Amino acid sequence: MPFGQVVVGPPGSGKTTYCRGMKEFLSSIGRKVAVVNLDPANDTLPYEADVDINELISLEDVMSRLKLGPNGAMMYCMEFLEQNVSWLNDQLVELKDKYILFDFPGQVELYTHHTAVSSILEQLQKHEFQLVAVHLVDAHYCTDPGKFIAVVLTSLNTMLQLALPHINVLSKIDLIEKMGKLAFGLEYYTEVMDLSYLLDHLRSDPFMSRFRDLNEKMVDMIENHALVSFATLDIQDSDSISTLLKAVDKAGGYVFGEGEARNIQLMQSAMTADVQYMQTADAREKHTASGRSTSPMDTE
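What comes next is a walk through the structure. (Residues numbered from 1 in each chain as written. Predicted model: local features only at pLDDT ≥ 70, side-chain atom pairs only at ≥ 80, totals over all residues. Heavy atoms only, no water.)

1. Remarks on a nonpolar patch on the surface
- Together, Leu66, Leu68 and Tyr76 line one region of the surface with nonpolar side chains, adding up to about 240 Å² of accessible area.
- Mapped onto the secondary structure, Leu68 falls in the loop between helix H2 (59-66) and helix H3 (70-83). (Patch = residues over 30% accessible without salt bridge, like charges linked within 9 Å, V, L, I, M, F, W, Y side chains within 5 Å. Areas by Shrake-Rupley, 256 points an atom, 1.4 Å probe, with all protein chains shown as cover. Salt bridge = Lys/Arg side-chain N within 4 Å of Asp/Glu carboxyl O. Helix = DSSP H or I, 4+ residues; strand = E, 2+ residues; numbered from the N terminus.)

What follows is the structure, encoded as C-alpha cells:
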C-alpha cells in the first residue's frame, strides 16, 4: 500500500519549499521518497520531480492556445488531468515502493468548491494510495483577526471538500510576527480557541465593523464544526519537520520503515498531546515577541 502527502494551500504558503524540505528530511532518515509535481504553473522546480504534470499539459500552453487567463487555464489543466488520470496512474506504478509527496497548485477554489482535485484523489485511493492532506497557510495571517478567521474557514472548507485525513499547518512560523504582533498567545491560534475574542477586535476596526453580522455567522459556522486546529512549521528546523511528520504519519497510518527509528531518535508511531503542546511552546519561545503563553482567558 503506497503512502503519500497531498500538499495543498494558497499561493505563497510554501508548498514547493515544503516538498523540497520534506523530501530532504525523509531521505536523511532513510525513507524512500518521490515528489510528484501536479502544478502546471510550476515550471521551475527547486527539486527533481519524479513525475511532472508539465509532461502532460502546461499552463503556458493552455493560456496561449485557448486564450485563457491564469485562473481559467489552471482549471482547464486540472480538469484535463482528471479526464486523463490514467496517465498519472501509469506514472505512479514506477513509484509504488516509495513515499510520495504530491505538490498541488495554489488556487484556493480547487479545494473549496471545484471537484477536479477531489475526483483525482478519489481515483488514487481506488489504487490503494493511503493519503494525508497537508494544508499549508502562512502563519502571518494570525496577526490580522479578519484574515485569520478567513483562513480558518478556508481550512474547514478544504477539509470537508477533500475528505482525507487532514493536517492544517501554520507555515513560516519563524516569520509569524513579521507583519505585526499577535493579539494572544500562539496556542490561541493553533488550537482555534474561542473566536468571539477576535470578533471584539474586529468590532473596534472601523472598516471591519461594517461586516459584524457576516463575521459572527462565519465564527458560528467554524465553532459549530469544531474541526480545525493547526500544527506549526519552520521548514529550516529539522525538529519542527520531525514533529509535523509524526502527526502526518499518525493520521495516515504509516508504519516506519527499516532503519528510520534508529536514524531519528524522537520518531515514534504516535504523536501525544504532550508532544503537540511542546511543539507549540517551542515555536512560541523561538518566534513570538512575548515568548510566553497568553490566551484571552488570562486577561479576564
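2. A few points about the sheet that holds strand E4 (residues 99-103)
- The strand order across the open sheet built from 7 strands is E3-E2-E4-E1-E5-E6-E7, with neighbouring strands paired in parallel fashion. The two strands at the open ends of the sheet, each matched to only one other strand, are strand E3 (51-52) and strand E7 (231-232).
- As paired strands, strand E1 (residues 3-8) and E4 are joined by 4 bridges and run parallel to one another. Each residue of the ladder has a partner; that of Val6, found in E4, is Phe102. (Pairing = 2+ DSSP bridges.)

3. Notes on H3
- Its 14 residues place the ends of H3 20 Å apart at the C-alpha level, agreeing with the 20 Å of an ideal helix rising 1.5 Å per residue.
- On its buried face, H3 sits against H2, helix H4 (85-93), helix H5 (109-112) and helix H6 (116-126). (Expected span 1.5 Å × (residues − 1). Contact = heavy atoms within 4.5 Å.)

4. With respect to the nonpolar core
- Core analysis: the biggest nonpolar cluster contains 36 residues, and Val36, Met78, Leu88, Leu92, Phe102, Phe104 and Leu121 have the highest contact counts within it.
- Beyond its immediate sequence surroundings of up to four residues, Leu121 is in contact with Val6, Phe104, Leu131, Leu162 and Leu164.
- In this structure, Ile149, Leu195, Leu199 and Phe230 belong to the second largest nonpolar core, which totals 28 residues. (Core = buried A, V, L, I, M, F, W, Y, C linked by side-chain atoms within 4.5 Å. Buried < 20%, exposed > 50% of the residue type's maximum accessible area, 1.4 Å probe, protein only.)

5. Let's talk about the packing of aromatic side chains
- Using the criterion set out here, one finds 9 aromatic pairs in the structure.
- Plain terms: the ring middles of Phe3 and Tyr254 are 5.2 Å apart, the flat faces sit at 90° to each other, and that makes the pair edge-to-face. Within this pair, whereas Phe3 is found in strand E1, its partner Tyr254 is found in the loop between helix H11 (238-252) and helix H12 (260-263), the two being separated by 251 residues in sequence. Accessibility assignment for this pair places Phe3 and Tyr254 in one class, buried.
- Ring plane angle 50° and centroid distance 6.2 Å describe the contact between Phe148 and Phe230, whose orientation is recorded as tilted. Residue Phe148 is found in helix H7 (residues 145-162), and its partner Phe230 is found in the loop between helix H10 (212-225) and E7; the two are separated by 82 residues along the sequence.
- Above the plane of the ring of Tyr99 lies Arg31, whose end atom (NZ or CZ) is 4.8 Å from the centre. (Phe/Tyr/Trp six-rings, centres within 6.5 Å; stacked < 30°, edge-to-face > 60°. Lys NZ or Arg CZ within 6 Å of the ring centre and 35° of its normal.)

Read these as geometric descriptors, not functional statements.
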